[in-house]
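Overview (structure and organization)
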Amino acid sequence: MESYLNNRVLIVFFCSFFVLFSCKNEQKIAEEPTKKNVEYDMYQPSEMAGFMNAMYAYNVQLKQQIIAGETSVNMPLDLMKLHSAEMSNGKGRTAVWNSFVNVFIESQQSVADTISNVELKDRFNAAINNCLACHKTECVGPIPKIKKLLIQ
Ligand code: HEC
């Protein structure tokens, strides 16, 4: 009699354990889609977006220096990041991107070139126009903001 009772207790224990266990599993499955939505809604700038913003900030400062009649001799950005940085949503580099990126890098570097005989303002505007050339097809959103960098 005693062992029969013990068995019943054990059976009830195991049954409730399984019920709890399977409930937890069901909850997990139900929670997952909400979790994904939350991640999707959050704005997480990509490595490339972060670098683009750094290039923007650098050129804002460069424009002010040029307008003030100063020359810029150092270019603090590692432009090779354009070749390696990860882009949003796993976007890849398109043929258009590849056709513009090196031309841009050269023009951005030439702004800090102290022995060039091309006017500084023209070199700066050429670099900004190369930002715009790539943006026309690759990322149209920031175009108005980039256009404001041009020195009139
Ligand atoms: C070779 C193509 C190319 C060149 C050159 C280029 N960009 Fe971009 N830019 C992009 C692409 C593509 C994105 C989107 C990146 C992403 O979402 O990961 C972007 C994104 C941006 C953004 C938005 C970043 C954000 O917060 O989402 C800004 C601002 C920007 N670029 C400014 C510039 C400026 C200023 C220059 C020139 C100094 C420049 N870009 C040169 C292709 C280019």
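Up top you'll find the structure we're talking about.
The present account deals with the structure reproduced in this document. (Residues numbered from 1 in each chain as written. Predicted model: local features only at pLDDT ≥ 70, side-chain atom pairs only at ≥ 80, totals over all residues. Heavy atoms only, no water.)

**Quick word on the overall build of the protein**
The test is simple: Helix and strand definitions follow DSSP, with helices as H or I runs of at least four residues and strands as E runs of at least two, each counted in order from the N terminus. Residues are treated as being in contact if the distance between any of their heavy atoms lies within 4.5 Å. Values of accessible area rely on a 1.4 Å probe in the Shrake-Rupley scheme; residue burial ignores everything except the protein chains shown.
The number of helices and strands found in the protein is 6 helices and 0 strands. A separation of at least 24 residues holds for 60% of the contacts in the protein among residues at least 6 apart in sequence. Entry remark: accessible area of the protein is about 11,100 Å², with carbon and sulfur atoms responsible for 59%.

**Focus on the site of the ligand**
Here is the rule: Any residue with a non-hydrogen atom lying within 4 Å of a molecule or strand is treated as near it. For this analysis, a polar contact is any N or O atom pair within 3.5 Å, provided that within protein one partner can donate a hydrogen and the other can accept it, and provided that sequence-adjacent residues contribute only side-chain to side-chain pairs. We call Asp, Glu, Lys and Arg charged. Ala, Val, Leu, Ile, Met, Phe, Trp, Tyr, Cys and Pro are nonpolar, and the rest, Gly among them, are polar.
The full set close to the ligand counts 24 residues, and M52, S88, C131, C134 and H135 are the nearest of them. Residue N53 places a side-chain N or O atom 2.9 Å away from an oxygen atom belonging to the ligand. Every element with two or more residues in the shell around the ligand is listed here: α2 (47-67), α4 (95-110) and α5 (120-138). Here the shell around the ligand gets 7 residues from one element, more than from any other, and that element is α2. For the shell around the ligand, a count of residues per class yields 15 nonpolar, 7 polar and 2 charged.

**Examining the packing of α2 against α5**
Heads up, the rule is: Interaxial angles span 0 to 180 degrees and are taken between N-to-C directions of axes, which are lines fitted to C-alpha atoms, for helices over the stretch in contact. Roughly parallel means an angle under 35 degrees; roughly antiparallel means over 145; roughly perpendicular covers 65 to 115; every other angle is labelled oblique. Working rule for handedness: look at the near helix, and if it is turned counterclockwise from the far one by less than a right angle, call the crossing left-handed; if clockwise, right-handed.
With their axes 11 Å apart at the nearest point, α2 and α5 run at an angle of 155° to one another. Classified by the interaxial angle, the pair formed by α2 and α5 is roughly antiparallel. The two elements α2 and α5 meet at a crossing, and its hand is left-handed. Here α2 contributes M52, N59, L62, K63 and I66 to the contact with α5, which in turn contributes L120, K121, F124, I128 and H135. For the contact of α2 with α5, a count of residues per class yields 6 nonpolar, 2 polar and 2 charged.

**Examining the coordination of the iron atom of the ligand**
For a metal bound by four donors in a tetrahedral arrangement, the ideal donor-metal-donor angle is 109.5 degrees, while six donors in an octahedral arrangement ideally sit at 90 or 180 degrees. Put simply, the test is: Each metal site lists N, O and S donors within 2.8 Å (3.2 Å for Na, K and Ca). With water left out of the atoms, a site can look as if it is missing ligands. Every angle between 85 and 135 degrees makes a four-donor site tetrahedral, while opposite donors more than 155 degrees apart, with all other angles between 65 and 115, make a four-donor site square planar and a six-donor site octahedral; other sites are irregular. Exposed residues in this analysis have more than 50% of their type's maximum accessible area, buried residues have under 20%, and partly exposed residues fall in between, with area computed by a 1.4 Å probe over protein chains only.
Protein coordination of the iron atom of the ligand is provided by M52 (SD) and H135 (NE2), with donor distances spanning 2.0 to 2.3 Å. Metal-centred angles of 87 to 178° between the 6 donor atoms at the iron atom of the ligand mark the site as octahedral. Of this pair, M52 sits in helix α2 while H135 is found in helix α5, placing the two residues 83 residues apart along the sequence. A relative accessible area of 24% means that M52 is categorised as partly exposed.

**Some points on the packing of aromatic side chains**
Spelled out, the test is: Only Phe, Tyr and Trp rings take part, Trp by its six-membered ring, and two of them pair if their centres are within 6.5 Å. Stacked means planes under 30 degrees apart, edge-to-face means over 60, and tilted covers everything else. For a ring to carry a charge above it, either NZ of a lysine or CZ of an arginine must fall within 6 Å of the ring centroid while also lying within 35 degrees of the normal to the ring plane.
Applying the stated criterion across every chain yields a total of 0 aromatic pairs. The ring centre of Y56 lies 4.5 Å from the NZ or CZ of K145, which sits over that ring.

**A few points about α5**
What counts, and what does not: For a helix, the expected span equals 1.5 Å multiplied by the residue count minus one.
Taking 1.5 Å of rise per residue, the 19 residues of α5 would be expected to cover 27 Å, and the 27 Å separating its terminal C-alpha atoms lies within 8% of that figure. Those residues of α5 not exposed but buried are L120, R123, F124, N125, A127, I128, N130, C131, L132, A133, C134 and H135. Contact partners of the buried residues in α5: α2, α4 and α6 (143-147).

**Topic: the environment of M48**
Along the polypeptide, M48 turns up in helix α2. We classify M48 as buried; its relative accessible area is 4%. Linking M48 and H83, residues 35 residues apart in sequence, is a C-alpha distance of 9.6 Å. In this structure M48 touches K81, L82, A85, E86, M87, R93 and W97, once residues within four positions along its chain are discounted.

**Notes on the environment of L62**
Relative to the helices and strands, L62 resides in helix α2. What makes L62 buried here is its relative accessible area of 0%. Measuring from C-alpha to C-alpha, the distance between L62 and L149 comes to 9.5 Å, with 87 residues separating the pair along the chain. Those residues in contact with L62 that sit more than four places away from it in its chain are S72, Q108, V111 and F124.

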